[in-house]
Amino acid sequence: MNLATYDAHLLTALLPPNRRRFLSRYVRIFTGTACNQRCVSCPFPADVDRSFRSAAEIQAALQAAKEKGATGVVFSGGEPTIHPELPELVQEARQLGLAVCLATNGVLLAERNVLESLYKAGVGRIQVHLFSGDETLHQSLAGGQSRLEASLSAIQRLVEDGVPVLVVVPLLAENLTSLPALMDTLHGLGVEHVHLTLPDQVRQPEMRASLADVRTTIDSLMNAGRVARISFDRIPLCLTATHLSKHAFLRHRDPLRGQVDENGLSWVCRDCDGASQCDAPLARGEDEQEIRTLSPFLSPRSNSFNYIPNDFVADVADLADCPIAAGSMEAPAFDRQREFLMHTRDRLLTVATDSGDFGGAELASVRDELGQVYLDTSDKLLLDDFDQDLQPLRPATHCTTCPTLGTCPGAFELRPLEIGFSASEARVDGILGQLTGRVLDVGVGEPVSLARIFDSAKDEGLSELPFKYIGIEPDKSRIDELSSRHPWLHLLCAGAEDPDLCAKVGGDTEPFDHILLLRSYNHVRDLRVAFQQLFSMLKPGGTMLLVENTVFGVVRGRKKLWELEQMEQQGGAPFEHYRNHLSHEALEVLAPFGLEVLEHMAVGSTTANQWILWLKKPTI
Ligand SMILES: C[S@@+](CC[C@H](N)C(=O)[O-])C[C@H]1O[C@@H](n2cnc3c(N)ncnc32)[C@H](O)[C@@H]1O
Ligand code: SF4
Ligand code: SF4
């Protein structure tokens, strides 16, 4: 199955929340670090003080869980069954109306009197953690006073007593091959549900199972169908995608987990459409190569959105006479993320976007932080001259000092840019004009910037180019079309990630002086692979020029928007960006290559939506 064919919305459809959460609205109640085992996947450091949490603290936690609307609690430690006051605490939870689950290694539950007292107190369900069905292996991974035989006999008893029992198995390098046998054993005991998880901590890095092995193991266990239900959590979604409907989160365990730092994620996960559904996205770099080979959920996305005029507010020739500021009318109430006030042509009106391609916060940030909203004043459906066709909308000068600002969101007005589209292009021209030697152009497409150089060499051909040019472009039709206009150009049909790219362009024998990615960076599916290849083909002291456009919003009339939608329905331009990186994000992607920044023109409210990065490969 090609996972890339999954759309994000399809993922959502496959993972309805009630299927994803094993125990919804259960809160984990920590009973202390004290434990009768010393698991290699224990979340606590080896030298942690092993103690019980006081009954008073646990009672307070139960009360808080109840007040926060929990329907149940999961007692877990350490090992909750060795807490001397566990039966009383279970009883207390039940009296608060909370259902009770225990997360245990099961060793003590083999003792009939322990189990009886917990039943009596009102325990409803039990999760038993096991590493293997092999006594020696289990002992080596669980350590301490672990006893596989006792845990298994507790499981058997629970099943016989009709208690819902879930066996949780942490996946480690050492236990993967023993899991089919464990499944057989559990099936024999009447267990119906086994839950696989990847521990957050392991005692030594080599104990961590490789993602490729985890994937193979999950596939084989699922296909063998030994126990009725296998679910999993903390495993990258793309590893389990073939079994999406079985994915489950053990939400109540969250308090033990570190929060995922969005900025710390690997690039493959940041580009992934499944990221919001994935509870184990990869931290930067870690295992990234393995995940890439699985083709994670990646689909092209839009890099612009439309606003349409919504409500007329007032006739206002000059904002100095604004009726809202004068108190003669109320500031209009609207969704501040998706709408804004616009002052043009002597009128104050609201404009709104219903874009489904971007979330509300993203839309607001493009407008307020990036400052990228424009008014389309052209009569063209497809814009070809942004300086002419788009007028920048920026916060109105008068509003910035208005005392009503805050209560009123403030209006946007047409304001000239310090660095507009042509000024930005002029800067690109300035850099291109300095290039000599061998130049590789990645993603030739319609070569907007290079056209000026190509056109001046039109009649004379290659000999007139200031550099030795090779262009690559994966779209064959574009190459054919361009070749007919400039037959002397050296063009090849290839993408930046193609494994044979170096050989194709001769970069392994004759490296390049300059590599250009002119508005093609966000089109490249696999940035890491692409840049590894491109970097290896760049001469020491050579440069890489990246020019890219950020997301922007355009205010358009209803009629024009309708016509554009008609065009899209008839197969208009498809989305082509895999991401919408800003220049600082591109710098993070490129950080491992240690390039020196020669020029960095970022996007801001006084610039058009084009950023420029000109980078140099160190000479040593
Ligand atoms: C927006 S166009 C840029 C055209 C031109 N370079 C310019 O200056 O505007 C992006 C081009 O990148 C090409 N492209 C897409 N994926 C690519 C890849 N993986 N490697 C290289 N080029 C790619 C597209 O086919 C398209 O022609
Ligand atoms: S976020 Fe990362 S780990 Fe999760 S499904 Fe996407 S690519 Fe895989
Ligand atoms: S912030 Fe602008 S639109 Fe709002 S009341 Fe003041 S002048 Fe009027």
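Note that the structure is predicted; figures quoted are calculated from it, not measured.

(A) Spotlight on the overall build of the protein. Check the secondary structure of the protein and you find 22 helices and 21 strands. Seen through its C-alpha atoms, the protein measures out along the principal axes to roughly 95 × 75 × 45 Å. Buried residues in the protein amount to 52% of all 620 residues. Long-range pairs, those at least 24 residues apart, make up 73% of the contacts in the protein with a sequence separation of at least 6.

(B) Molecular detail of the site of ligand 3. Near ligand 3, the surroundings consist of Cys322, Ile324, Ala325, His398, Cys399, Cys402, Thr404, Leu405, Cys408 and Gly410. For the shell around ligand 3, the class distribution of residues is 7 nonpolar, 3 polar and no charged.

(C) Expanded view of the nonpolar core. In terms of nonpolar packing, the biggest core is built from 68 residues, with Phe75, Leu186 and Leu196 touching the most fellow members. In this view, Leu196 contacts Val169, Leu171, Met183, Ile218, Leu221, Ile230, Ser231, Phe232, Asp233 and Ile235; residues no more than four positions away in its chain are not counted. Counting residues in each nonpolar core, the second largest holds 35 residues, with Trp267, Leu527, Met537 and Met544 among its members.

(D) Highlighting a negative patch on the surface. Together, Asp354, Asp357, Glu565 and Glu568 give the surface a local cluster of negative charge. Its place among the elements puts Glu565 in helix α21 (residues 558-569).

(E) Local environment of the sheet that holds strand β16 (residues 491-492). If you trace the 7 strands from one edge of the open sheet to the other, you get β16-β15-β14-β17-β18-β21-β20, paired in mixed fashion. The two strands at the open ends of the sheet, each matched to only one other strand, are β16 and β20 (596-601). Pairing analysis gives 5 bridges linking strand β14 (residues 438-442) to strand β15 (residues 468-472), with the strands arranged parallel. Residue Arg438 lies in a different strand from β15, and its bridge partner there is Lys468. With respect to the sheet, helix α20 (residues 527-536) is in contact with β14, β17 (512-518) and β18 (538-549), its orientation differing from that of β18 by roughly 140°.

(F) Representation of the sheet that holds strand β9 (residues 339-344). An order of β8-β10-β9-β13-β12-β11-β19 is seen for the 7 strands of this closed barrel, with the pairing classed as mixed. Each adjacent strand pair in this sheet contributes to an overall mean axis angle of 40°, direction not counted. In terms of strand pairing, strand β11 (residues 373-376) meets strand β12 (residues 390-395) through 4 bridges, oriented antiparallel. Bridging across to β12, Asp376 finds its partner in Leu390. Lying on the sheet, helix α13 (residues 360-368) is in contact with β8 (304-315), β9, β11, β13 (411-414) and β19 (552-555); it crosses β8 at an angle near 75°.

(G) Geometry of the environment of Gly410. Assignment of secondary structure puts Gly410 in the loop between α15 (397-400) and β13. Spatially, the C-alpha atoms of Gly410 and His343 are 9.7 Å apart, while their sequence positions differ by 67 residues. If near-sequence neighbours (up to four positions away) are discounted, Gly410 is found in contact with Leu341, Cys399 and Leu405.

(H) Quick peek at the environment of Arg528. For Arg528, the location among the structural elements is in helix α20. Classification of Arg528 by relative accessible area gives partly exposed; the value is 21%.

(I) Layout of the packing of helix α3 (residues 55-67) against helix α4 (residues 86-95). At a minimum axis distance of 10 Å, the contact between α3 and α4 shows a crossing angle of 20°. When the axes of α3 and α4 are compared, the pair comes out roughly parallel. Helix-helix and strand crossings are classified by hand; for α3 and α4 the assignment is right-handed. Contacts from Ala55, Ile58, Gln59 and Leu62 in α3 reach Leu89, Glu92 and Ala93 in α4. Class assignment for the residues of the contact of α3 with α4 results in 5 nonpolar, 1 polar and 1 charged.

(J) Molecular detail of the pattern of salt bridges. This structure, assessed with the given rule, holds 23 salt bridges. Here Arg112 and Asp161 are joined by a salt bridge, their closest N and O atoms 3.3 Å apart. One end of the pair, Arg112, is in helix α5 (residues 112-121); the other, Asp161, is in the loop between α7 (148-160) and β5 (165-170), and 49 residues separate them in sequence. Relative accessible area serves as the criterion here: at 34%, Arg112 is assigned to the partly exposed category. Residue Arg234 pairs with Asp233 through a salt bridge whose shortest N-O separation is 3.8 Å. Taken together, the shared-partner salt bridges connect Glu425, Asp429, Arg452 and Arg519 into one network.

(K) A look at the domain arrangement of the protein. Once the domains are mapped, the protein shows domain 1 (16-261), domain 2 (304-414) and domain 3 (421-616). The straight-line distance from the C-alpha centre of domain 1 to that of domain 3 is 51 Å.

(L) Just the environment of Pro499, in detail. Tracing the chain through its elements places Pro499 in the loop between β16 and α19 (501-505). When the C-alpha atoms of Pro499 and Arg394 are compared, they prove to be 45 Å apart, with 105 residues separating the residues in sequence.

(M) Broad picture of the packing of aromatic side chains. In total, this model carries 14 aromatic pairs according to the counting rule given. Taking 6.1 Å as the distance between ring centres and 80° as the angle between the ring planes, the aromatic pair formed by Tyr374 and Phe552 counts as edge-to-face. Here the residue Tyr374 occupies a position in strand β11, and Phe552 occupies one in strand β19, the gap between them amounting to 178 residues. The same class applies to Tyr374 and to Phe552, which are both buried. When the ring of Phe535 is compared with that of Phe593, the centres are 4.9 Å apart and the planes differ by 35°; the resulting orientation is tilted. One end of the pair, Phe535, is in helix α20; the other, Phe593, is in the loop between α22 (583-590) and β20, and 58 residues separate them in sequence.

(N) Here's a closer look at α5. Residues of α5 that are buried: Val114, Leu115, Leu118 and Ala121. Summarising the axial view, the buried residues of α5 lie within an arc of 125°, below the 170-degree limit, and thus occupy one face. In α5, the exposed residues that point more than 90 degrees away from the buried face are Asn113 and Lys120. Contacts made by the buried residues of α5 are with α4, β3 (99-104) and α7. Backbone geometry just downstream of α5 places Gly122 in the positive-phi region, at approximately 115°.

Procedures and definitions
Residues numbered from 1 in each chain as written. Chains lettered and ligands numbered in written order. Predicted model: local features only at pLDDT ≥ 70, side-chain atom pairs only at ≥ 80, totals over all residues. Heavy atoms only, no water. Helix = DSSP H or I, 4+ residues; strand = E, 2+ residues; numbered from the N terminus. Buried < 20%, exposed > 50% of the residue type's maximum accessible area, 1.4 Å probe, protein only. Contact = heavy atoms within 4.5 Å. Near = heavy atom within 4 Å. Nonpolar A, V, L, I, M, F, W, Y, C, P; charged D, E, K, R; others polar. Core = buried A, V, L, I, M, F, W, Y, C linked by side-chain atoms within 4.5 Å. Patch = residues over 30% accessible without salt bridge, like charges linked within 9 Å, V, L, I, M, F, W, Y side chains within 5 Å. Areas by Shrake-Rupley, 256 points an atom, 1.4 Å probe, with all protein chains shown as cover. Salt bridge = Lys/Arg side-chain N within 4 Å of Asp/Glu carboxyl O. Lys, Arg positive; Asp, Glu negative; His and termini not counted. Charge placed at Lys NZ, Arg CZ, Asp CG, Glu CD. Pairing = 2+ DSSP bridges. Axes fitted to C-alpha atoms, helices over the stretch in contact; angles between N-to-C directions. Parallel < 35°, antiparallel > 145°, perpendicular 65-115°, else oblique. Left-handed = near helix turned anticlockwise from the far one by under 90°. Domains from an automatic or database assignment. Phe/Tyr/Trp six-rings, centres within 6.5 Å; stacked < 30°, edge-to-face > 60°. Arc of directions from axis to C-beta.

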